[in-house]
Amino acid sequence: LVFLAGQVPSDPQADTANQTLQVLTQIDRLLQQAGSDRSRILMAQVILQDIGDVAVMNQVWESWFEGLTAPPRATFAAPLVNPAWKIEVVITAARS
């Protein structure tokens, strides 16, 4: 298994859509390094600073999984360590 904990955006000044894309791009890279890919994600947890951002995050998330079956996901709001972060993602994936 591959466990990716606490994946956060590289640019905390970006908007929610761009922060989400940054995190998902980072996850792609880390999964590849671990011998996996997004099609092998078993479960995801998405933590949002503001639950009002869920619609924007969902647009990016659904686009990222286009052509694939998205994994089970828990999405919730919680304070993040850096108040400028709008999203944090935790992933569990199978190796290829």
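Scroll up for the structure.
Residues numbered from 1 in each chain as written. Predicted model: local features only at pLDDT ≥ 70, side-chain atom pairs only at ≥ 80, totals over all residues. Heavy atoms only, no water.

**Considerations on helix α2 (residues 54–64)**
Thought 1: Of the positions making up α2, those classed as buried are Met57, Val60, Trp61 and Trp64. Projected down its long axis, α2 shows its buried positions confined to an angular sector of 100 degrees, all on one face. Exposed and facing more than 90 degrees away from the buried side of α2 are Gln59 and Glu62.
Thought 2: Where α2 is buried, its residues contact α1 (16–33), β2 (41–48), β3 (73–77) and β4 (87–93). (Buried < 20%, exposed > 50% of the residue type's maximum accessible area, 1.4 Å probe, protein only. Helix = DSSP H or I, 4+ residues; strand = E, 2+ residues; numbered from the N terminus. Arc of directions from axis to C-beta. Contact = heavy atoms within 4.5 Å.)

**As for a nonpolar patch on the surface**
Thought 1: Judged by side-chain polarity, Leu1, Phe3, Leu42 and Met43 come together as a nonpolar surface patch covering roughly 430 Å² of accessible area.
Thought 2: Inspection of the secondary structure puts Leu42 in strand β2. (Patch = residues over 30% accessible without salt bridge, like charges linked within 9 Å, V, L, I, M, F, W, Y side chains within 5 Å. Areas by Shrake-Rupley, 256 points an atom, 1.4 Å probe, with all protein chains shown as cover. Salt bridge = Lys/Arg side-chain N within 4 Å of Asp/Glu carboxyl O.)

**So, the sheet that holds β2**
One key point about sheets: their strands pair by backbone hydrogen bonds, in either a parallel or an antiparallel sense.
Thought 1: Pairing is mixed across the open sheet formed by 4 strands, whose spatial order is β1-β4-β2-β3. Edge positions in the sheet fall to β1 (2–7) and β3, since each has one partner strand and no second. On average, adjacent strands in this sheet sit at an angle of 10 degrees to one another, irrespective of strand direction.
Thought 2: One ladder, built from 7 bridges, connects β2 with β4; its direction is antiparallel. What sits directly across from Gln45, in β4, is Val90.
Thought 3: Relative to β1, α1 is tilted by about 150 degrees, and along the sheet it contacts β1, β2 and β4.
Thought 4: Strands β2, β3 and β4 of the sheet are contacted by α2, whose axis makes an angle of about 155 degrees with β2. (Pairing = 2+ DSSP bridges. Axes fitted to C-alpha atoms, helices over the stretch in contact; angles between N-to-C directions.)

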